[in-house]
Every structure is written in C-alpha cells, then in structure tokens.
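Structural features, examined
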Amino acid sequence: MALYKIDDEKVSPIQPIEFHSEAHLQKMIDENLEDITGVRLIESQYPIPNGRLDALGIDEQNVPVVIEYKWKSDPGAIIQGLFYLRWVRMKENRRAFELLVKEKLGPTDVNWSSEPRLIVIAKEFDIRELSAIDMIQASVELKRYSYYGNLINIDDVTPPKTIRSSRSDIEEAEQTEEVRTVESIIERVSPELTKVFYSLRDRILKLGGDVREVIGGWYIDYRKSSTFVTITPQSKNNRLLIFIKMGDSIINDPKGWTSPLPKEWAYGKLNTKFEVNKSDQLDYAMELIEQAYQYVP
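All values derive from a computational prediction rather than experimental measurement.

A look at the environment of Phe243
- Position of Phe243 relative to the elements: it lies in strand β12 (residues 239–244).
- What makes Phe243 buried here is its relative accessible area of 5%.
- Separated by 29 residues in sequence, Phe243 and Thr272 have C-alpha atoms that sit 5.6 Å apart.

Digging into helix α8 (residues 191–205)
- The terminal C-alpha atoms of α8, which comprises 15 residues, lie 21 Å apart, in line with the 21 Å expected from a rise of 1.5 Å per residue.
- Considered for burial, the residues of α8 that qualify are Leu193, Thr194, Val196, Phe197, Leu200, Arg201 and Ile204. Considered in projection along α8, the buried side chains sweep an arc of 160 degrees and stay on one side of the axis. Among the exposed residues of α8, those oriented more than 90 degrees off its buried face are Pro191, Glu192 and Lys195.

Brief notes about the pairing of strand β14 (residues 272–276)
- Burial of the side chains of β14 is restricted to one face: Thr272, Phe274 and Val276 are buried, whereas none of Lys273 and Glu275 on the reverse face is.
- By the bridge criterion, 2 bridges tie strand β13 (residues 259–260) to β14 in an arrangement that is antiparallel. Within β14, the residue paired with Pro260 across the bridge is Thr272.

Brief notes about helix α1 (residues 22–30)
- Leu25, Gln26, Ile29 and Asp30 are the residues of α1 that are buried. The buried side chains of α1 occupy one side of the element, clustering within an arc of 115 degrees when seen end-on. Across α1 from its buried face, at more than 90 degrees, point the exposed residues Ala23 and Lys27.

Re the nonpolar core
- Ile204, Phe228 and Ile244 are the most contacted members of the largest nonpolar core, which totals 32 residues.
- Contributing elements (two or more residues each) for this core: α7 (182–186), α8, β10 (220–223), β11 (227–234), β12, β14 and α9 (282–295).
- A total of 8 residues in this core trace back to one element, the largest contributor, which is α9.
- Grouped together as the second largest cluster of nonpolar side chains are 26 residues, Leu53, Ile78, Trp87 and Ile133 included.

Section: the sheet that holds β10
- Pairing within the open sheet is antiparallel, and its 6 strands lie in the order β9-β10-β11-β12-β14-β13. Among the strands making up the open sheet, the edge pair consists of β9 (212–215) and β13.
- Docked against the sheet, α9 engages β11, β12 and β14, running at close to 155 degrees with respect to β14.

Details of the environment of Leu241
- Along the chain, Leu241 turns up in strand β12.
- Among all residues touching Leu241, those that are not within four sequence positions of it are Thr230, Ile231, Thr232, Gln234 and Phe274.

A closer look at the pattern of salt bridges
- Scanning all chains against the criterion turns up 19 salt bridges.
- Residue Lys123 pairs with Glu18 through a salt bridge whose shortest N-O separation is 3.4 Å. Of this pair, Lys123 sits in the loop between β6 (117–122) and α5 (127–135) while Glu18 sits in the loop between β2 (10–14) and α1, and the two are 105 residues apart along the sequence.
- Lys123 gets classed as partly exposed once you look at its relative accessible area, which sits at 34%.
- Between Glu275 and Arg239 there is a salt bridge, with its nearest N and O atoms 2.7 Å apart.

A word on the packing of α8 against α9
- Two elements in contact, α8 and α9, have axes separated by 11 Å at closest approach and are oriented at 40 degrees. In terms of orientation, α8 lies oblique with respect to α9. Judged by the twist between their axes, the crossing of α8 over α9 is right-handed. Contact with α8, carried on its side by Val196, Ser199, Leu200, Arg203 and Ile204, involves Leu282, Asp283, Met286 and Ile289 of α9 and no other residues of that element.
- Split into classes, the residues belonging to the contact of α8 with α9 amount to 6 nonpolar, 1 polar and 2 charged.

Rules of the game
Residues numbered from 1 in each chain as written. Predicted model: local features only at pLDDT ≥ 70, side-chain atom pairs only at ≥ 80, totals over all residues. Heavy atoms only, no water. Helix = DSSP H or I, 4+ residues; strand = E, 2+ residues; numbered from the N terminus. Buried < 20%, exposed > 50% of the residue type's maximum accessible area, 1.4 Å probe, protein only. Expected span 1.5 Å × (residues − 1). Arc of directions from axis to C-beta. Pairing = 2+ DSSP bridges. Core = buried A, V, L, I, M, F, W, Y, C linked by side-chain atoms within 4.5 Å. Contact = heavy atoms within 4.5 Å. Axes fitted to C-alpha atoms, helices over the stretch in contact; angles between N-to-C directions. Salt bridge = Lys/Arg side-chain N within 4 Å of Asp/Glu carboxyl O. Parallel < 35°, antiparallel > 145°, perpendicular 65-115°, else oblique. Left-handed = near helix turned anticlockwise from the far one by under 90°. Nonpolar A, V, L, I, M, F, W, Y, C, P; charged D, E, K, R; others polar.

If you want it as structure tokens, here you go:
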C-alpha cells in the first residue's frame, strides 16, 4: 500500500521503514493485538515441546488463535505456524490451553467447536506461499504489514477460510457433528426466520468489499480486520441473536434495542447484543450493524 504526504496540494511518497527486529514487530502488534485483529493476547513466546509459539490468543468467539510473526523472508514461517497450530488442535493439549486462558482472562469457555486459527503477519509473502495456502486444509490467514514509523497498515492477503472436515476426518476425531455451512446453521429455524436471515445477510455483505463471511460452530461471523457482527440463529426462541462490536464506543440506539453482553461471556469488544425476528426490523438492525462496521477498521 503506497502512502503519500500532501503539502500544498502536492503529493510526495512516504517510504516505509523496517522494525528493528522481529521482537520489535511482535511487541508493537502484541500490545495492540485486539485493536488490530480482534484477537485477545493470552501469552507471548509460549514454550511447547520442540518449539516456542510467537503468540497465543482467542478471538471474539473464544476460538484459539496462533499468531506467527515473520520479520524477514522466511518460507518456513508458515510451516512452523502450522506445527504450532497442530499442537493447539490436539485434544491432549486443550486442558493446558484452557488453564492458560483462565489464568489470563478469568473463567472463559474456550470454543473448540470451530477450527483454531493461524495468523501469519509478515512484510511480504511470495507467490509460492500464497499458492500453498490455497492447498492447506486449515484456517490460515496471511496479513501483510507496511510500517512507516508513526503509521502502520495491515492488509489481509488471504481471507479467513471456513474449514469443513470430511466425513472420514469427523469419524477419525470421533465427532458426530455434521459439516457446518450457512445452510446447516440456518436449517433448523422457521421458513419465515430463514427469509429474514438471508435478507439481513445480503445487506451485510453489501456494506463493502472488505466484508468476509466466516462460519463458526453455531454462528456466522462477518469480518473486516476483525469481526464486527455475529449472527446466531435460534430455533427455540425463533430469533436471530446478533452481537456487534462497539468496544468503548457508545452506540446510537434511540429505540433501545441493544444491551451489553454479560462480562462472564468474555467476548472482548464484541460486547453489544440485540435480536431480530421480523423483516420490518431489518432497516433499524442495519443502522446498528453499520455502526459496528464503521467502528472496526
């Protein structure tokens, strides 16, 4: 991404600079991780057998996240990150991760129903790395940074994937859950609520080309740099339970639809909820969602 300084209607390019070291890169992003990615930092430089994870975190839905930093050209960074991701995914390591989360954040239900994520943050990725990611059946996200001293830009090079396990994978892991898609999550609600959901979904996706849809265990996320809205269809209550990210901002809600999430849910800045079950509620629902869209960069 090119940046230009404007001086008396004339532009001149601002040249990017480099971090002093990978530790400098990691320290700056770790200290601002939730604002940049929506991931809450659990531990930096976490030791495991045969390695040390750059950073561990959980996202807005309490899904485990491994963050790998790449300061200079290193084709092995993604392979290394996948090795660490595998450690997090192994059932025998879940208890250790849950205890670490509890120690750092207090009582928190870690979400194992969705695939743990790997985020690799680097200055550049080459074409071979980008091609390899398309072939990897794991939730891997590549983010490219440009650093200008008092400015930093972070772009998504590859959007987050929704990983759908094959039937053999499910049986091998002794899981009984069906493959999750938008359709499988919405199929249990009434036809009327299904129509409401798809109308709302269309409006959210039209907010901008930077909106991405990611399927979770029982919910559907819509993300920019991080999640700005999550929709949970609920058949029992015949409603769409909607969570939006407002952080410390005060939402403009003259109708009084919204309420704060209980702190014990530990969803971080995804901290405001409301519900929808009728088509005539969609215009106002989008007014609330657009505020979250604008809040998340």
